[in-house]
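The residues making up each chain are set out below.
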Amino acid sequence: MITIVVDGLFGDTGKGKITAYLALRDSPALCVRTGAPNAGHTVVYRGVQHVLRTLPSCFVGPSLLAVAPGALIRLDVFFAEAEKYGAARVKVDEGAGVIEQAHVERERADEYLMKAIGSTGQGVGAAMVDRVLRRLRLARDFPELSPYLADVPALIQELKGKGVVIEGTQGTFLSLYHGTYPYVTSRDTTASGIASEAGVGPKDVDEVVLVFKSFVTRVGGGPLPGELPPEEAERRGWIERGAVTGRPRRVAPFNLELAKRAVALNSPTQIAITKLDALYKDAAGKTRWEDLPQEARAWVDWLEDQLNKPITLIGTGPEPDQVVDLRRAKLGP
Ligand code: IMP
Ligand code: MG
């Protein structure tokens, strides 16, 4: 079984938490992270906050932790995370791109990118330019990476019978092709792009879990329909900060039109909603549908009806196990 976890908004919907839940609950043999270290995936596990920028959020479970051929790494971030989360189970595809200091510097010197677009300045776009111009150095070019090198697409085929989770980064509307160009990141962040980066064909993917948060956030420039003034966001308790940059996130209420478009772009088989407790305080920490407040259940039912896809995972708090899991009820065993 191959599952893709994809963000349906502008990033920061809680993919990390949902991926961590799947790792704990389903114990997949392999998790693959796509994307690059401009993305920080936050997992709060047993009261400790982890921000992962290179390895998949599955570290809470037993899986192998792999980096996709289409991903980009920074050596310092990679080694720090490998050491922290168990080097013995970490793999990096030999074709993963390597971001070097020059890429970071080139990006940070680019005023348009840093000011107008609001880039995180992690060198990802500059490294992608070099990749396209065929001069980027890859993981296989760095001897210090040799203990970790793997053929990740082959590993996926080998282990798909035992469960493979592929974790996307950023979000649908930050996609280079399908997002709010030019206010986007440097890769296609939709489910198809995630599959392509990992090296798996669309027909091999069994489940696509599309993750929405119960409100919308975005960092950096670009349109955000229904954006709230910061005081109003604060009043609603929706203030968040960027995991990598620490910048305050811009905030808007949930947007059905965006959600419908994300469904069309990602062909999900399931939908996850995180932070239901930000809309309905009494939902906090609940793990059973029956225990959710009636208005919260009504909202989820309404959304499911509007999107015409099963809402199977509902986040009610930061810990991975603070989830209402309706997969069995809605999809069968
Ligand atoms: P870059 O990809 O770092 O150049 O940033 C381009 C745009 O994508 C900026 O608006 C960033 O704020 C946004 N962005 C990049 N990575 C993330 C992320 O992980 N979460 C949310 N926004 C991101
Ligand atoms: Mg994030």
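Basis of the calculations
Residues numbered from 1 in each chain as written. Chains lettered and ligands numbered in written order. Predicted model: local features only at pLDDT ≥ 70, side-chain atom pairs only at ≥ 80, totals over all residues. Heavy atoms only, no water. Helix = DSSP H or I, 4+ residues; strand = E, 2+ residues; numbered from the N terminus. Rg over C-alpha atoms; globule rule 2.2 N^0.38 Å. Buried < 20%, exposed > 50% of the residue type's maximum accessible area, 1.4 Å probe, protein only. Contact = heavy atoms within 4.5 Å. Polar contact = N/O pair within 3.5 Å; in protein donor to acceptor, adjacent residues only side chain to side chain. Core = buried A, V, L, I, M, F, W, Y, C linked by side-chain atoms within 4.5 Å. Donors = N, O, S within 2.8 Å, 3.2 Å for Na, K, Ca; no water. Near = heavy atom within 4 Å. Areas by Shrake-Rupley, 256 points an atom, 1.4 Å probe, with all protein chains shown as cover. Nonpolar A, V, L, I, M, F, W, Y, C, P; charged D, E, K, R; others polar. Axes fitted to C-alpha atoms, helices over the stretch in contact; angles between N-to-C directions. Left-handed = near helix turned anticlockwise from the far one by under 90°. Lys, Arg positive; Asp, Glu negative; His and termini not counted. Salt bridge = Lys/Arg side-chain N within 4 Å of Asp/Glu carboxyl O.

Q: It is not clear to me how the overall build of the protein chain should be interpreted in this structure. Could you clarify?
A: Scanning the protein chain from N- to C-terminus turns up 12 helices and 16 strands. Its C-alpha radius of gyration of 19 Å places the protein chain within 12% of the 20 Å reference for a compact globule of 333 residues. For the C-alpha atoms alone, the extent of the protein chain along its principal axes is close to 55 × 45 × 35 Å. Within the protein chain, the proportion of its 333 residues that are buried is 57%. The contacts in the protein chain between residues at least 6 apart in sequence include a share of 74% that link residues at least 24 apart.

Q: Could you clarify how one ought to interpret the environment of Arg241 in this entry?
A: For Arg241, the position within the fold is in the loop between α8 (230-235) and β13 (250-253). For Arg241, a relative accessible area of 54% gives the class exposed. On a C-alpha basis, the gap between Arg241 and Trp289 in space is 30 Å, while along the polypeptide they are 48 residues apart. Engagement of the side chain of Arg241 in a polar contact is seen with the backbone oxygen of Gly246, the distance being 2.7 Å.

Q: Just to check I follow, could you spell out the nonpolar core for this structure?
A: Val32, Phe78, Ile156, Ile166 and Phe212 are the most contacted members of the largest nonpolar core, which has 88 residues in total. If near-sequence neighbours (up to four positions away) are discounted, Phe212 is found in contact with Gly8, Leu9, Thr13, Phe254, Ala259, Ala262, Val263, Ile271, Ala272, Ile273, Thr274 and Leu307.

Q: Teacher, can you tell me more about the coordination of the magnesium ion (ligand 2) here?
A: Around a metal, the perfect tetrahedron of four donors has angles of 109.5 degrees, and the perfect octahedron of six donors has angles of 90 or 180 degrees. Surrounding the magnesium ion (ligand 2) are the protein donor atoms Asp12 (OD) and Gly40 (O), at 2.1 to 2.4 Å. Of this pair, Asp12 sits in the loop between β1 (2-7) and α1 (15-26) while Gly40 sits in the loop between β2 (30-33) and β3 (41-45), and the two are 28 residues apart along the sequence. Gly40 gets classed as buried once you look at its relative accessible area, which sits at 13%.

Q: What am I meant to see in the site of ligand 1 here?
A: In the vicinity of ligand 1, 15 residues are found, and the nearest of them are Asn38, Ser119, Thr120, Thr185 and Arg247. In this structure, an oxygen atom belonging to ligand 1 sits 3.0 Å away from a side-chain N or O atom of Asn38. One of the backbone N or O atoms of Ile117 is found 3.3 Å from an oxygen atom in ligand 1. If ligand 1 stood free it would expose 470 Å²; the protein chains cover 96% of that surface. Looking at the shell around ligand 1, its residues break down into six nonpolar, seven polar and two charged.

Q: Explain the packing of helix α3 (residues 101-108) against helix α5 (residues 124-132) to me, please; I cannot follow it from the model alone.
A: When two helices pack together, you describe them by how their axes are tilted relative to each other and by the distance separating the axes. Where α3 contacts α5, the axes come no closer than 7 Å and their chain directions differ by 115°. Of the two elements, α3 crosses α5, and the hand of that crossing is right-handed. Between α3 and α5, the residues in contact are His103, Arg106 and Glu107 and Val124, Gly125, Ala126, Ala127 and Asp130, respectively. In terms of residue class, the contact of α3 with α5 is made up of three nonpolar, two polar and three charged.

Q: Is there a simple way to think about the side chain of Arg89 in this case?
A: Within the fold, Arg89 resides in the loop between α2 (75-85) and β7 (90-93). Here Arg89 occupies a buried position and makes no salt bridge, while the nearest side chain of opposite charge, Glu81, is found at 11 Å. A polar contact is formed between the side chain of Arg89 and the backbone oxygen of Gly61, at a distance of 2.8 Å. Residues in contact with Arg89, not counting those within four places in the same chain, are Cys58, Phe59, Gly61, Pro62, Ser63, Leu64 and Leu65.

Taken by themselves, the reported measurements are silent on function.
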